[in-house]
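Listed below, chain by chain, are the residues.
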Amino acid sequence: MTNCIVSLTHKLPSELVATQPTPVEENILPVILSVKQGFESQASVESLAIKCFNPDFLSAFSQLPQCLIKKDATLLQLSKIMDLWNKLYHSSGTREFETNPLSKHELFAIAHYCHTALEKRREAAPMQKCHYLSKKETGLTRSIIYDSQNQYIYLTALFSKSVFKATGSAKKVVRALAASLSKQRSVKIVCCSFTKKGLTPRQLMHAQQEAGLLSLLRGVKGIAQSYTTCTVLTSLEPKQQRTSIVMEAFACDAVDAVNSRSLTTQLNLQIAKGVIYGLFYLHQKGYTHGDIKLENVLCRYDYTHVKHPFASHNTVATKTTTLIAKVADFGFAVADNQPAGNLYNEGQYGTAEYTAPELLAKKNFQGDRKKIDAFALGISLYQLFELKDVEWAADIESCRLRRRACRQWNNLCREWQKLLEKQPNDQIAVAHLKKCTKRWMEETNHFQKQLEELRKSMCEKIKKIQSEHAVPDVKIALYKARIGKGELLTSAEEKECGQWLYTNLLAVNPAERFDMARAKEEIDSLLPSFQVQ
């Protein structure tokens, strides 16, 4: 047994061994050495887990002095793995993780892989700010993100499915566990917005743009907060680049919240206030969103004991319930000092049905982009309070298809023109050029007529919505006076406040439309007690 003690203490200074306050019990050393040899021989994770969760080992390891652990590389590695496992194990017992609990052996496998992968990274190259660690063969982890700057490791292994449906072309949102590698920080629940592999250059540009903008918007009220961003180039091809944004956790988007039928008019106003605040501060920072819609508004109740607040129709919201709603998805955001590009110059908005009528009027839009966001917010609030979709979405999509056809014929004309420059006497090219030019002019004329008809029809339908749901300013002034005295409005009166907001945001004339500064002022007077986070 003396040899066992020497094997554990051969690296310790003699004076330290002589003055050890807690002597090593000889009967615990065989148990410790058995696990230690298993690590050094690179035994399977499953066999190591069985040994580590043996009651004799747990008891023996707890009695082992820290001075011995720090001086032995294998025991120090085992101690770090067990510390990470302890954080994962205790956090996985909360209600947040009841949807997909993992056993302690599975969590041990994750902790073991995280630690060993980090050690290999340190040996191979200097640590970057943030990078991926993947362990697909275990079946336990889809992706692991290590943030060396903040000493956090983000694990998406605890949830195999998306938290809520993400409608973006390159996004899926999964809930993850953020485990701190430092003793000063605790474990927290986050969401990861992953972009798929094989992105087009435009999708990749949007992902990188969103990540950069979110870093500038940290701490801004009404904006979904990001903790870190990781971008990895898996090959020399740009299409294989992958970006992950780690953000605060939400239960669902506003569409899921509406479909749950659990929202009251009070909660609708809280969602409206959260989005108005987010857009107001985004515009203050010098950006327009470019794709405001209910799918890009993320929600959660302001308490943690409910696992999924919109998962059941039995969830009852009261007057004291508060809802956190924040703006997300900034892939189409444009700075005020940047050219609008095709997003605005071709009469397009992020989603067809949210396009403002002034975008349809001119090919090169030179107006106030922030009023475009305001109109899209008006459509979103109309859907939120009335539970209806607008009628002109299909017509706008039809115009987009016609515009695409015009562009394709124009491109064909250019190709034949280039060919004629090289071969001027090619009669076949001349004939094709005449045919394409004629077809392009016909498609362009049809498109211009269709666009003008759409704009007139859209303005009429907007005015119809405003007339059907109009609320006099005098009535709203009375409501504000009552709210100022501390009185509570009825559900019908709260709905009228929402209708007054979205009808002013849907004004056909941009000059008459509320901007976000005015909208913020009005929502503060209508909902003064609710604080946006």
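Okay, so let's go over this structure.

Helix-helix packing is described using two parameters, namely the angle between the two axes and the distance between the axes. Relative to each other, helix α11 (residues 265-284) and helix α18 (residues 516-526) sit at 145 degrees, their axes nearing to 9 Å. Here α11 runs over α18; the crossing is left-handed. Residues Leu-269, Lys-273, Ile-276, Tyr-277, Leu-279, Phe-280, Tyr-281 and His-283 of α11 pack against Met-516, Ala-517, Ala-519, Lys-520, Ile-523 and Asp-524 of α18.

The next thing to look at is the nonpolar core. Counting residues in hydrophobic clusters, the biggest one holds 79 residues, and the most contacted among them are Ile-271, Phe-330, Leu-377 and Trp-392. Counting residues in each nonpolar core, the second largest holds 35 residues, with Ile-32, Val-35, Cys-114 and Leu-177 among its members.

Under the defined criterion, the tally for this structure stands at 17 salt bridges. A salt bridge links Glu-443 to Arg-402; the shortest N-O distance between them is 3.0 Å. Of this pair, Glu-443 sits in helix α15 (residues 427-468) while Arg-402 is found in helix α14 (residues 393-422), placing the two residues 41 residues apart along the sequence. Given the relative accessible area of 9%, Glu-443 is considered buried. A residue is classified by how much of its surface remains accessible, and Arg-402, at 28% relative accessible area, is partly exposed. Connected through salt bridges with shared partners, the residues Glu-248, Arg-300 and Lys-326 form a single ionic network.

On to the packing of aromatic side chains. For the structure on display, the rule yields 8 aromatic pairs. When the centroid spacing of 6.0 Å and the interplanar angle of 20 degrees are considered together, the rings of Tyr-152 and Tyr-154 count as stacked. Here Tyr-152 and Tyr-154 have matching classes, each one buried. Relative to Tyr-281, the ring of Tyr-277 lies with its centre 6.0 Å away and its plane at 55 degrees, an arrangement referred to as tilted. Residue Tyr-277 and its partner Tyr-281 are located together in helix α11, separated by 4 residues, close to a single helical turn. Given the relative accessible area of 10%, Tyr-277 is considered buried. Joined through ring pairs, the aromatic side chains of Phe-53, Trp-85 and Phe-108 make up one cluster. Arg-300 extends its terminal NZ or CZ atom over the ring of Phe-250, reaching a point 4.9 Å from the ring centre.

Closest axis-to-axis distance for the α11/helix α13 (residues 369-386) pair is 11 Å, and the angle between their directions is 170 degrees. In terms of axis orientation, α11 runs roughly antiparallel to α13. Residue-level inspection shows Thr-265, Asn-268, Leu-269, Ile-271, Ala-272, Val-275, Ile-276, Leu-279 and His-283 of α11 in contact with α13, the latter providing Lys-370, Asp-373, Leu-377, Leu-381, Leu-384 and Phe-385. Residue classes in the contact of α11 with α13 are distributed as 10 nonpolar, 3 polar and 2 charged.

Cut-offs applied
Residues numbered from 1 in each chain as written. Predicted model: local features only at pLDDT ≥ 70, side-chain atom pairs only at ≥ 80, totals over all residues. Heavy atoms only, no water. Axes fitted to C-alpha atoms, helices over the stretch in contact; angles between N-to-C directions. Helix = DSSP H or I, 4+ residues; strand = E, 2+ residues; numbered from the N terminus. Left-handed = near helix turned anticlockwise from the far one by under 90°. Contact = heavy atoms within 4.5 Å. Core = buried A, V, L, I, M, F, W, Y, C linked by side-chain atoms within 4.5 Å. Buried < 20%, exposed > 50% of the residue type's maximum accessible area, 1.4 Å probe, protein only. Salt bridge = Lys/Arg side-chain N within 4 Å of Asp/Glu carboxyl O. Phe/Tyr/Trp six-rings, centres within 6.5 Å; stacked < 30°, edge-to-face > 60°. Lys NZ or Arg CZ within 6 Å of the ring centre and 35° of its normal. Parallel < 35°, antiparallel > 145°, perpendicular 65-115°, else oblique. Nonpolar A, V, L, I, M, F, W, Y, C, P; charged D, E, K, R; others polar.

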